[in-house]
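Examining the three-dimensional arrangement
Next come the chains, spelled out residue by residue.
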Amino acid sequence: MTQEQDPFERLKSMPPRGHHALLGIFHVDNGPDWAELACPFSAGFLMDAGSGLVSSGPVISLIDAAAGAAIIARTRRWEPMATLDLRVDYLRAARPECTLHARATCHRVTRRVAFTRCEVHDGDPANPVAFAAASFFFTSEP
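The following paragraphs examine the structure supplied in this document. Here the residue index of a chain counts from 1 through its sequence in written order. Only residues with pLDDT of 70 or above have their local features reported here, since the model is predicted, and side-chain atom pairs are shown and tallied only from 80 upward, although totals for entire chains, interfaces and linings are computed over all residues. With hydrogens and water set aside, each side-chain value is computed from the structure's full complement of heavy atoms.

Turning our attention to helix H3 (residues 56-75). Here a helix means four or more residues in a row that DSSP labels H or I, a strand means two or more in a row labelled E, and each is numbered from the N terminus. Expected span, for any helix, means 1.5 Å times one less than how many residues it has. Over its 20 residues, H3 runs 29 Å from end to end, which matches the ideal 28 Å to within 8%, given 1.5 Å per residue. To sort residues, take the accessible area from a 1.4 Å probe on protein chains only and compare it with the maximum for the residue type: under 20% means buried, over 50% means exposed, and anything in between is partly exposed. Of all 20 residues in H3, 15 are buried; the element is thus mostly enclosed. The opening residue of H3, the one whose side-chain oxygen lies 3.3 Å from the backbone nitrogen of glycine 57, is serine 55. Of the residues trailing H3, arginine 76 is marked for its positive phi of about 55°. For the purposes of these results, a polar contact is taken to be a pair of N or O atoms within 3.5 Å, where, inside protein, one atom must be able to donate a hydrogen and its partner to accept one; residues adjacent in sequence count only when each atom of the pair is a side-chain atom.

Have a look at this one:
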C-alpha cells in the first residue's frame, strides 16, 4: 500500500472539517496502534469567563477524535463507525490557556467493534487531566 492509498496517512494530511475545524483539533503524532491529537485553548471553552474552568465538551470531543484516529491507525481502514460507549474519568480540571493533548491507543478490534483507551493532558503527560475508555461500532455492512 502506498502512502497515498493508506487511509491513516490520508487522514493525517486532510485539513480539519466540521466540528474538528471549529475546535482546532490537529494531528500531533502516531504509531501503529495509537494517535495523538491536540486542541488549542479557546476562550469559548470556558464554562463562564470568570470561572477559569474548561468545559467538558472540548475534552470529550478531542478524546472521541483521537480514539477514532487510533482505530484507523491500527486497522488502516477508513470505515464508518459510531461511538458505542465513552467513559471519561476526570482527575483534575484542565488549565485555561493550555493546549489539550489526547493520546489514544486501539487495544482490540473485532469484526464489528473496536476498543480504545485514552489519556488527556494539558502540557505534562505525567499530570493527566483525564483517562478515557471508548468502544466504537463499525456501521458498514460486514
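Next comes the rest of the account.
On to unusual backbone geometry, then. A positive phi angle is found at arginine 76, which is not glycine, with a value near 55°. One can find arginine 76 in the loop between H3 and strand S3 (81-90). One non-glycine residue with positive phi stands out, namely glutamate 97, at about 75°. Relative to the elements of secondary structure, glutamate 97 occurs in the loop between S3 and strand S4 (100-109).

Each Phe, Tyr or Trp ring, with Trp reduced to its six-membered ring, pairs with another whose centre is within 6.5 Å; inter-plane angles below 30 degrees give stacked pairs, above 60 give edge-to-face pairs, and intermediate values give tilted ones. Using the criterion set out here, one finds one aromatic pair in the structure. Taking the centre distance of 6.4 Å and the plane angle of 85° together, the rings of phenylalanine 41 and phenylalanine 45 count as edge-to-face. For the pair formed by phenylalanine 41 and phenylalanine 45, the shared burial category is buried. One residue, arginine 103, lies across the ring of tryptophan 34, its end atom 3.5 Å from the ring centre. Whether a charge sits over a ring depends on NZ of Lys or CZ of Arg being within 6 Å of the ring centre and within 35 degrees of the ring normal.

Another point: the pattern of salt bridges. A side chain with one charge may pair with a side chain of the opposite charge, provided their charged atoms come close. In the sections that follow, a salt bridge refers to a side-chain nitrogen of Lys or Arg positioned within 4 Å of a carboxyl oxygen of Asp or Glu. Per the stated rule, a full pass over the model turns up four salt bridges. Between aspartate 89 and arginine 87 there is a salt bridge, with the nearest N and O atoms lying 2.9 Å from each other. Each member of the salt-bridge network shares a partner with another, and the members are Arg92, Arg95 and Asp122.

If you look at the biggest cluster of nonpolar residues, it comprises 35 residues, and the most contacted ones within it are Ile25, Leu37, Leu62, Cys118 and Val120. Listed by contribution, the elements that provide at least two residues to this core are strand S2 (34-39), H3, S4, strand S5 (113-121) and strand S6 (130-138). Leucine 37 has contacts with Ile25, Phe26, His27, Val28, Leu62, Ala65, Ala66, Ala69, Leu100, His101 and Ala102, leaving out every residue within four places of it along the chain. The set of buried Ala, Val, Leu, Ile, Met, Phe, Trp, Tyr and Cys residues whose side-chain atoms join them within 4.5 Å is what this entry labels a nonpolar core. Any two residues whose heavy atoms approach within 4.5 Å are treated as being in contact.

The subject of this paragraph is the environment of histidine 107. Structurally, histidine 107 can be placed in strand S4. Residues histidine 107 and tyrosine 90 lie 17 residues apart in sequence; the distance between their C-alpha atoms is 21 Å.

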